[in-house]
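Chain by chain, the residues:
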Amino acid sequence: MRANWIIWMMVLFVALTAFACGGSDDASVDGDADGDAPDGDDPDGDEPDGDDPDGDTDGDEEFQYPDPAFIFEVRTPAATAADEPYMQEFSEQFHRVEQLPSLDVKALAVIGAAVYLGAVDGLYQLNDTSRIFEAMPLGGAAGAVHAIADELYEGKLAVALAERVDLIDLGGSSHDSFAFTDNPVIDIAVGGGKLVAATQNGLYEHESNGGWTLITGSDVHTYQGLDIADDGTLYAATDNGVRITGDGGSETWSNVSGELLDNDARAVAVCGSRVAVATASGLSIVGDGDPRRFLAQPDGFPTDNLIAVTCSDAGFLVGHEVGATFLSSDYSHIDHYASIRWTPGLRAPAVALSATGERWIGTEAGAGRIYLIERTLADKEPVFDSMVPHFWRMGGFFASDGRVDDPWADPDTMTLNDKDNDGLWTQMMIGGWCMAYAATGEEKYYDYARKAMDNMFLLVDIPAISFERAGLERGFISRSIVRDDEGSVWESKLTQDNWHQETWEEQEHVWKDDTSSDELAGHFFGFPVFYDLCAKTQDEKDEIAAYADEVARYIVEGGFKLIDLDGERTLHGHWDPDTISIAVDGVTACLGNGYEITDCGEAFYGGGWLNSLEALGMLLAAYHMTGDSYFYDAYELLHTTHRYAEVAMAGDDTLTIVSDSIANHSDHELATLAYTSLIRYEADDARRADWIESYKFMYDHERPERNPWWAAAYALSGGADPDVDSALRTLREMPDDLREWHVNHAHRKDHVKVVDDRHGHEQIDRVYPYDELRTMWWNGNPYSMSDGGDGSSYQAPTNWLLPYYMGLYSGIIQSGD
């Protein structure tokens, strides 16, 4: 949880309003009648000792500790979905001159199995073996190719250049070239035995004698595109509607006659009985009943400024000034491509569809081919698993990301750096691997988790050298560690005073101080899941429990604070009543007890909720692994005496969940880790029901995000209605490409802009398909208007693997095996 000025302004408003209304100011959060603020060292005057954890001092009834071995999990969830085959999109890009000598693409055509491309300096055909576009000879001098007909004319390929039309004999070297005095030639089409060229001023039909006849002049039209139906009817897109010329005469479609959204028709495509018209404001499809109009607007077509259109039995493909859009033939599905993940550039003046549904998009920076492959999630997992070796750092940290010098470089060239949350990220994946191990029995998942866990131990062992030298106890857990064989990563730390050098097993290391509460949320997810699902022997369980004991005990004995080497609390390492439960009776009561407005606000509007979950989950997990009643006493102390049971219940005042301007997606990720441990090890049915209810509040608010990890964690925790279908949809949509491409939705019209997020960044009211978002982890904001990078950063596959493995383990994903 990080402070946000908007929160505190709201807190101040609420507090002042409450005072003005005569709100009470004499409540005491620690139960002291004098209202003295708790100091966090021994909040109720009784350190946890196991003697009387529920505060019952009359001795009438002996407290019965729950069985520490208790585990609650639901592996036959209320909803499941089969891992059935689906079609996933992939991209092949032609963005280098070695692949395509001229990258400024103006025209595309797919005829049979052949792909033709027109660029600013000529005509090219794709060599299907080498995957290189090779130059084709033209009928005249090379020049910019404006258009390519999508059918052959008497066995020849018809190509429009600025001042002429060329007919390319594909079976030989005899090519024809016809000059046009009325130029430039803007489009060319073949159909119904006709070859017609369009200039801005008229339509010209090719005659058998080789000449060209003007068949219709411009009148009040300026021609912008052309296509021909099988019966020879001409459809010409103009700046004043679509002009149709056939055996029955001529007519014009317009927005007045009802066929078009607007009269600025930029391109037209005939596909059987349907005609697609690309206009300034959207797509119109005429035929098979009433005209269908797809306007660029909220809940409508993705964007406007259409400049190209084509169609096939698979559907309709449109090029825009920014991006390209595919509409399925039955109108049920839309894909929008507007990032380098899919196409080398953004402006799309050329589009083509193959008979099998391949989508070709030509841009100013090259061409992109988007194709579909049938697969299952089980097929997808090995792809992400194959990326795991690229993200190991220092022998066992599973890095969150890595970088390459060039986005198109081999991932083998990736370099890794340390991150402040190395422990958190690694423990998250440890949990995922142990669930995969339990669900599949495959040893490699145990091996991954064991390798990573050894580094988690180093996060305790190496700082302990510094602490014990200073006369302090073991148990502090570092943010990260860097070793002296890590080159520039190591060298960069030696001059920073928040890194401390120690020798471990005859090798130099540095460890980072000021560990955050974020880290502990990860550790007390990974430690207990490994203990339950991966540990093979009692010795291995004892080893995990010993480290968990040291870390949790150090925090409890520090007054539920994480005390650093300097004897001070780390900036965010606090779970103590003096910061968590001070506002349990509201902001007014909190202020009346002498606390600062910012502290009251953080505690009441979300910080108390998250940190109380983390503290309670940590203590139950520690009790589960160690069996030591010390930790259950501490849990009971916080739960009951300090009323964390109330603070941990999410509700309408938890602004970090419910407020668009304050919502903290990082907090939601951390809360899911904490909820998982808290619910998993809560033996009391009534209390567990409260935790599930609290999690449900967060999950219900997050459902529109279609988060597969949330759904799996909620189902495993006994949630009654996990959104399994949406979870599988997201896992299917997430691209195999882990590069972090920049994605900007500002050009799109199918959303509504809402209030800026907590960082002051623009955000929108919906979550687009995940293959239309930047590659992101679950601490990111899927509503962001614009986010991402240049593609040189690879995100680790944790964002896909963790929810998939938890989905398998929880049972919401039913494998085909």
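A brief structural summary. (Residues numbered from 1 in each chain as written. Predicted model: local features only at pLDDT ≥ 70, side-chain atom pairs only at ≥ 80, totals over all residues. Heavy atoms only, no water.)

## Comments concerning the overall build of the protein
Now for step 1: A tally of regular secondary structure across the protein gives 19 helices and 42 strands.
Now for step 2: With the principal axes as the frame, the protein shows a C-alpha extent of 110 × 65 × 50 Å.
Now for step 3: When the 817 residues of the protein are sorted by exposure, 60% land in the buried category.
Now for step 4: Contacts spanning at least 24 positions in sequence make up 62% of the contacts within the protein whose residues lie at least 6 apart.
Now for step 5: Working note: accessible area of the protein is about 30,300 Å², and carbon and sulfur atoms make up 46% of it.
Now for step 6: Across the protein, the 52 positively charged side chains and the 147 negatively charged ones have centroids separated by 7 Å. (Helix = DSSP H or I, 4+ residues; strand = E, 2+ residues; numbered from the N terminus. Buried < 20%, exposed > 50% of the residue type's maximum accessible area, 1.4 Å probe, protein only. Contact = heavy atoms within 4.5 Å. Areas by Shrake-Rupley, 256 points an atom, 1.4 Å probe, with all protein chains shown as cover. Lys, Arg positive; Asp, Glu negative; His and termini not counted. Charge placed at Lys NZ, Arg CZ, Asp CG, Glu CD.)

## Considering helix α16 (residues 685–702)
Now for step 1: Across its 18 residues, α16 extends 25 Å between first and last C-alpha, which sits within 8% of the 26 Å expected from 1.5 Å per residue.
Now for step 2: Of the residues making up α16, those classed as buried are R687, R688, W691, I692, S694, Y695, M698, Y699 and E702. Relative to the axis of α16, the buried residues are bounded by an arc of 160 degrees and lie together on one face. Set apart from the buried face of α16 by more than 90 degrees, the exposed residues are D685, A686 and E693.
Now for step 3: Where the residues of α16 are buried, they touch α11 (607–626), α12 (629–641), α13 (644–647), α14 (655–658), α15 (665–681) and α17 (708–716).
Now for step 4: A side-chain oxygen of the first residue of α16 lies 3.0 Å from the backbone nitrogen of A686; this N-cap is D684. (Expected span 1.5 Å × (residues − 1). Arc of directions from axis to C-beta. Polar contact = N/O pair within 3.5 Å; in protein donor to acceptor, adjacent residues only side chain to side chain.)

## What to know about unusual backbone geometry
Now for step 1: P184 follows N183 through a cis peptide bond whose omega is 10 degrees.
Now for step 2: Relative to the helices and strands, P184 is located in the loop between β10 (176–179) and β11 (185–191).
Now for step 3: Here Y331, not a glycine, exhibits a phi torsion of approximately 70 degrees, which is positive.
Now for step 4: Counting through the fold element by element, Y331 comes out in the loop between β25 (324–328) and β26 (334–337).

## As for the sheet that holds strand β15 (residues 223–228)
Now for step 1: Reading across from one edge, β15-β16-β17-β18 is the order of the four strands in this open sheet, with antiparallel pairing throughout. The strands lining the two open edges of the sheet, one partner per strand, are β15 and β18 (249–253). Adjacent strand axes in the sheet meet at a mean angle of 20 degrees when their direction is disregarded.
Now for step 2: Alignment of strand β16 (residues 234–238) against strand β17 (residues 241–246), held across five bridges, turns out to be antiparallel. Counterpart to T238 in the pairing with β17 is G241. (Pairing = 2+ DSSP bridges. Axes fitted to C-alpha atoms, helices over the stretch in contact; angles between N-to-C directions.)

## Observations regarding the nonpolar core
Now for step 1: Ranked by size, the top nonpolar core spans 140 residues in total, and within it W433, F524 and F530 carry the most contacts.
Now for step 2: Among the elements that line this core, the one with the most residues is helix α4 (residues 443–469), at 13 residues.
Now for step 3: With residues up to four places along the chain from it excluded, the contact list for F530 reads I430, C434, Y446, A449, R450, M453, A535, E540 and I544. (Core = buried A, V, L, I, M, F, W, Y, C linked by side-chain atoms within 4.5 Å.)

## Some remarks on the state of the cysteines
Now for step 1: For the coordinates displayed, the defined rule picks out two disulfides.
Now for step 2: The disulfide partner of C434 is C534, and the gap between their sulfur atoms is 2.3 Å. In this structure the cystine formed by C434 and C534 twists about its S-S bond by roughly -115 degrees; its chirality is therefore left-handed. With C434 in helix α3 (residues 422–440) and C534 in the loop between α6 (517–533) and α7 (538–557), the pair connects residues that are 100 residues apart, well separated along the chain. C534 carries the same exposure label as C434, and that label is buried.
Now for step 3: One disulfide bridge connects C590 with C600, the sulfur atoms lying 2.0 Å from each other. Taking the torsion about the sulfur-sulfur bond, which here is approximately -85 degrees, the covalent link between C590 and C600 counts as left-handed. Separated by ten residues along the polypeptide, C590 in helix α9 (residues 587–592) and C600 in helix α10 (residues 597–605) bring together distant segments of the chain. In terms of burial, C590 and C600 fall into one category: buried.
Now for step 4: Distance from the sulfur of C271, which forms no disulfide, to the nearest cysteine sulfur (C311) is 3.6 Å.
Now for step 5: The class for C271 is buried, based on a relative accessible area of 15%. (Disulfide = S-S within 2.5 Å.)

## Focus: α4
Now for step 1: Taking 1.5 Å of rise per residue, the 27 residues of α4 would be expected to cover 39 Å, and the 40 Å separating its terminal C-alpha atoms lies within 8% of that figure.
Now for step 2: Along α4, the largest kink reaches about 25 degrees and is centred on P463.
Now for step 3: Most of α4 sits out of view: 19 of its 27 residues are buried.
Now for step 4: A positive backbone phi angle near 80 degrees is found at G471, which sits one or two residues after α4. (Bend = angle between axes of the 7 residues up to and from the residue.)

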